[in-house]
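Survey of secondary and tertiary structure
So the chains spell out like this:
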Amino acid sequence: MELERSIDISRRQSKEHMCRITDLQDEVRHREHHISDLDKEVQHLHENINALTKELEFKGKEILRIRSESNQQMRLHEQDLNKRLEKELDVMTADHLREKNIMRADFNKTNELLKEVNAALQVSLEEMEEKYLMRESKPEDIQMIAELKAMLTERDQVIKKLMEDNKFYQLELVNRETNFNKVFNSSPTVGVINPLMKQKKKNDKSPTNRFVSVPNLSALESGGVGNGHPNRLDPIPNSPVHDIEFNSSKPLPQPVPPKEPKTFLRYH
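Keep in mind the model is a prediction, meaning the values are calculated, not measured. (Residues numbered from 1 in each chain as written. Predicted model: local features only at pLDDT ≥ 70, side-chain atom pairs only at ≥ 80, totals over all residues. Heavy atoms only, no water.)

Bringing the overall build of the chain into the picture now. Summing up its helical and strand segments, the chain has 3 helices and 2 strands in all. Along the chain direction, N to C, the helices and strands of the chain fall in the order α-α-β-β-α. Within the chain, buried positions represent 4% of all 268 residues. Long-range pairs, those at least 24 residues apart, make up 62% of the contacts in the chain between residues at least 6 apart in sequence. Carbon together with sulfur atoms contributes 59% to the accessible area of the chain, which is approximately 25,300 Å² in total. (Helix = DSSP H or I, 4+ residues; strand = E, 2+ residues; numbered from the N terminus. Buried < 20%, exposed > 50% of the residue type's maximum accessible area, 1.4 Å probe, protein only. Contact = heavy atoms within 4.5 Å. Areas by Shrake-Rupley, 256 points an atom, 1.4 Å probe, with all protein chains shown as cover.)

Attention now goes to the pattern of salt bridges. Overall, the coordinates contain 5 salt bridges when judged by the stated rule. When the shortest N-O distance is used, the salt bridge between Glu 27 and Arg 31 registers 3.1 Å. Placement of the pair is Glu 27 and Arg 31 together in helix H1 (residues 2-133), with a separation of 4 residues, close to one helical turn. The class for Glu 27 is partly exposed, based on a relative accessible area of 36%. (Salt bridge = Lys/Arg side-chain N within 4 Å of Asp/Glu carboxyl O.)

Together, Glu 126, Glu 127, Glu 129 and Glu 130 make up a region of like negative charge exposed at the surface. Position of Glu 127 relative to the elements: it lies in helix H1. (Patch = residues over 30% accessible without salt bridge, like charges linked within 9 Å, V, L, I, M, F, W, Y side chains within 5 Å. Lys, Arg positive; Asp, Glu negative; His and termini not counted. Charge placed at Lys NZ, Arg CZ, Asp CG, Glu CD.)

The end-to-end C-alpha distance of helix H2 (residues 139-183) is 65 Å, a good match for the 66 Å that 45 residues give at a rise of 1.5 Å each. Of the positions making up H2, those classed as buried are Asp 165, Glu 172, Val 174, Asn 175, Thr 178 and Asn 181. (Expected span 1.5 Å × (residues − 1).)

Taken together, the side chains of Leu 113, Val 117 and Leu 121 present a nonpolar region at the surface, about 280 Å² in accessible area. Topologically, Leu 113 is positioned in helix H1.

UniProt's entry tags residues 35-62 with the feature "coiled-coil region" (unreviewed entry), counted in the numbering of this structure. In residues 35-62, the share of helix is 100% and the share of strand is 0%. The end C-alpha atoms are 39 Å apart. (UniProt positions renumbered as here; feature names shortened; annotations may be inferred.)

Now for the confidence of the model for the chain. Counting all residues, the mean pLDDT for the chain is 77, and 69% of those residues have values of 70 or more. Ranking the elements of the chain by mean pLDDT puts strand S2 (residues 211-213) last, at 41, and H1 first, at 91. Between residues 200-233, whose pLDDT stays under 50, and residues either more than four places distant or in other chains, the model counts 34 contacts. Here residues 239-252 is modelled with pLDDT under 50, and outside its nearest four sequence neighbours on either side it reaches 18 contacts, counting other chains as well. (pLDDT = per-residue confidence, 0-100.)

In structure tokens form, the structure reads like this:
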């Protein structure tokens, strides 16, 4: 029984192996067929690669040929352009030099003309200045000058008259001062009112001294003040009148009123 059982098992395994082998053979055939297809495709691809390689070589050669031709054409065109530009540049340089010479000639002519015009204007200006300096005076200017001269003369007369009157009044003032000191007192006592002095009591019947004495002028004069003249007051400093010696015994004549009234000019 064990043997039979093992034989059945081996039969079943052999069947399974046969089925497996059949499947594998089918798969091998299928793969062989696929491999053949792939070989054909690879062969076809090789053929395409060869064709493309040949075409690429042909295109490369054609590109090189076209590049060389284009480079040659570009060099030729560049040479033509350079020659054309050189010709145009030569023409423009010649035109520029010609225009420059023409403009320089025009400028020189214009400059000479301007110099002539300037010289003529300078001569005309000098003539006009000479005419202006040598022109005759206008009637209104002459009249105004005469009026101003008359006013200046009148003013000088008024100033001279005022100076004479001032000198006369100064002399009169000195004379009257001398006579006053001679008649009243040669050394008068001068006092001032002191309102700040305290008032005495009402029952004090003695009079209130409202004056404060000041130093005696005669004492000052005896001490060398007053230019050595005890009967005169101190002269006015820097006054030319006191430099003249006056006769105190002989008074000056009375002032004579002016014959013509004094007129004062008013200028606008």
